[in-house]
Amino acid sequence: MALLNKNTESEFAAERAFVKDYLDRVPQTCSQPDAKSKEYRDKIKKLLVERNAVLVAHYYTSPELQSLAEETGGMVADSLEMARFGTQSSAGTIVVAGVKFMGETAKILNPEKTILMPTLEATCSLDLGCPVDTFAQFCDENSDHEVVVYANTSAEVKARSDWVVTSAIALDVVDFLTSQGKAIIWAPDKHLGNYIQKQTGAEDMLIWDGACIVHEEFKTRALDDMRHLHPNAAVLAHPESPMAVLEQADMVGSTTQIIKAACERPEKMFIVATDAGIFYKMQQMAPDKELILAPTAGEGATCRSCANCPWMGMNSLANLYDSLLNSSHEVLVDAELCEKAMLPLQRMLDFRKNQA
Ligand code: SF4
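Residues numbered from 1 in each chain as written. Predicted model: local features only at pLDDT ≥ 70, side-chain atom pairs only at ≥ 80, totals over all residues.

### Remarks on the site of the ligand
Stage number 1. Lining the immediate environment of the ligand, one finds 14 residues, of which C124, S125, C212, V214 and C309 sit closest.
Stage number 2. Residue composition of the shell around the ligand, by class: ten nonpolar, two polar and two charged. (Near = placed C-beta within 6 Å. Nonpolar A, V, L, I, M, F, W, Y, C, P; charged D, E, K, R; others polar.)

Below you can see the structure in the form of structure tokens.
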């Protein structure tokens, strides 16, 4: 079962145009260190100390932001680990380099802390494709179903759910619910939902029709050609990729699981189907391995390159500096909404703790 938001494609086209315009307007620093980026880095380091702030960056942000997070005692991680790091840090301010739902999640888990972001305009096609009104109506119409939503959703959609999961834990949660005989609503990523349904054998699972515009670009036939060109390479794919790509993968997993696979698997070469930002951490953790980006059609990305999330690309040293200097781009979530969205998030964190 799938719901299709007819406006999705035109809305994404408008979003892409918006992101391009934003990148043209906002000064960007390049990923190769230069005098300007060094100046920003030094100023940001000083401000982080002065403001008792810590920087957490997602794997899909630029290498310069990821390295800065590491150098300053922050963290580079997937969205689950980013959320947990915030709860464990003693810093009063958490600066989240990522997209809007990550900042909101940090605020929900840390309502007493100040959450800043380099930009509040960076969002996600999955979040955009799951508006709360339509989604709540769908849930009401299927009220005998347990509602499981991916972390890439708004605070409002989280508050309407029973479980919030990330790609690192989604399979285990759905497997558990299926073993309890529960019927499930899954939202918003259809590719991840289809993959989970196939893996768990969940029979009664209604899947929302959302997609990540970055992962949807990975192309099956070109990947097949690439595998023939590099027969000894293993294909590592994020489950937001289309099923035909996942079927060619030697390993399917979250960003953290992909990095772990590159470190632990015996192959020397990997074809990677996820955002190219992950290469910073993969190369750092597995320096002796050769990494190749899986082929894309290139339409979901900005002009910078293929397989780059346009919204993640809106984070820069310049707007990070501005946010810290002026305490601007603060993430605010209504207290009552925070409490409601906290329940399904806490359920995921408790589930994870019980697994350990
Ligand atoms: S890569 Fe895809 S899922 Fe991740 S933030 Fe960008 S649009 Fe959303």
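What follows picks up the thread again.
### Some remarks on the packing of helix α9 (residues 170-179) against helix α10 (residues 190-200)
Stage number 1. Between α9 and α10, the least distance of the axes is 10 Å, while the angle of their chain directions is 50 degrees. In terms of axis orientation, α9 runs oblique to α10. The element α9 and its partner α10 pack so that their crossing is right-handed. Along the contact surface, α9 presents A170, L171, V174, D175 and T178, while α10 presents L192, I196, Q199 and T200.
Stage number 2. When the residues that make up the contact of α9 with α10 are grouped by side-chain class, the tally is five nonpolar, three polar and one charged. (Axes fitted to C-alpha atoms, helices over the stretch in contact; angles between N-to-C directions. Helix = DSSP H or I, 4+ residues; strand = E, 2+ residues; numbered from the N terminus. Parallel < 35°, antiparallel > 145°, perpendicular 65-115°, else oblique. Left-handed = near helix turned anticlockwise from the far one by under 90°. Contact = placed C-beta atoms within 7 Å.)

### Section: the confidence of the model for the protein chain
Stage number 1. The predicted model of the protein chain averages 89 in pLDDT, with 88% of residues at 70 or higher.
Stage number 2. Within the protein chain, helix α8 (residues 155-159) carries the highest mean pLDDT (98), whereas helix α1 (residues 8-25) carries the lowest (60).
Stage number 3. The low-confidence segment residues 1-7 (pLDDT under 50) makes eleven contacts with residues lying over four places distant or belonging to another chain.
Stage number 4. Of the regions scoring below 50 in pLDDT, residues 299-305 engages in 18 contacts with residues more than four places distant in sequence or in other chains. (pLDDT = per-residue confidence, 0-100.)

### Looking at the sheet that holds strand β6 (residues 163-165)
Stage number 1. Read from one edge to the other, the open sheet built from four strands follows the order β6-β5-β7-β8, with strand pairing classed as parallel. Of all the strands in the sheet, the pair left with one neighbour each is β6 and β8 (205-207). Neighbour-to-neighbour, the strand axes of this sheet turn through a mean angle of 25 degrees, independent of strand direction.
Stage number 2. α10 rests against β5 (146-150), β7 (184-187) and β8 of the sheet, and its axis sits at about 160 degrees to β8. (Pairing = 2+ DSSP bridges.)

### With respect to the sheet that holds strand β12 (residues 290-293)
Stage number 1. Reading across the sheet, the four strands line up as β10-β9-β11-β12 and stay open at both edges, with parallel pairing between neighbours. Each having just a single partner strand, β10 (251-252) and β12 make up the two edges of the open sheet.
Stage number 2. When strand β11 (residues 269-273) meets β12, the two strands line up parallel, connected through four bridges. Looking at β12, one finds that V272 is bridged to L293.
Stage number 3. Packing against the sheet, helix α13 (residues 255-264) makes contact with β9 (234-237), β10 and β11, and its axis sits at approximately 160 degrees to β9.

### Some words on the environment of M117
Stage number 1. Among the secondary structure elements, M117 is positioned in the loop between β4 (114-116) and α6 (125-128).
Stage number 2. The spacing of M117 and V95 is 22 residues in sequence and 5.5 Å in space, taken between C-alpha atoms.
Stage number 3. Not counting residues up to four positions away in its chain, the partners in contact with M117 are V96, G103, S323, H329 and V331.

### Considering the nonpolar core
Stage number 1. Ranked by size, the top nonpolar core spans 105 residues in total, and within it V56, V95, V96 and V148 carry the most contacts.
Stage number 2. Aside from chain neighbours lying at most four places away, what touches V148 is S161, D162, W163, V165, V173, V174, I184, I185 and W186. (Core = buried A, V, L, I, M, F, W, Y, C linked by C-beta atoms within 7 Å. Buried ≥ 20, exposed ≤ 12 C-beta atoms within 10 Å, placed from the backbone.)

### Quick notes on the pairing of strand β1 (residues 53-58)
Stage number 1. Most of β1 is tucked away, with six of its six residues classed as buried.
Stage number 2. Side chains A53, L55 and A57 project from β1 onto one buried face, and the interleaved V54, V56 and H58 project onto a second face that is buried too.
Stage number 3. Alignment of β1 against strand β3 (residues 93-97), held across five bridges, turns out to be parallel. Bridging from a neighbouring strand, L55 pairs with V95 of β3.
Stage number 4. Bridge count between β1 and strand β2 (residues 75-77): three bridges; the pairing is parallel. Bridge pairing in β2 links A57 to V76.
Stage number 5. In this region the chain leaves β1, passes through helix α3 (residues 63-71) and returns to the parallel neighbour β2; the handedness of that crossover is right-handed. (Right-handed = clockwise from strand over helix to strand, strands pointing away.)

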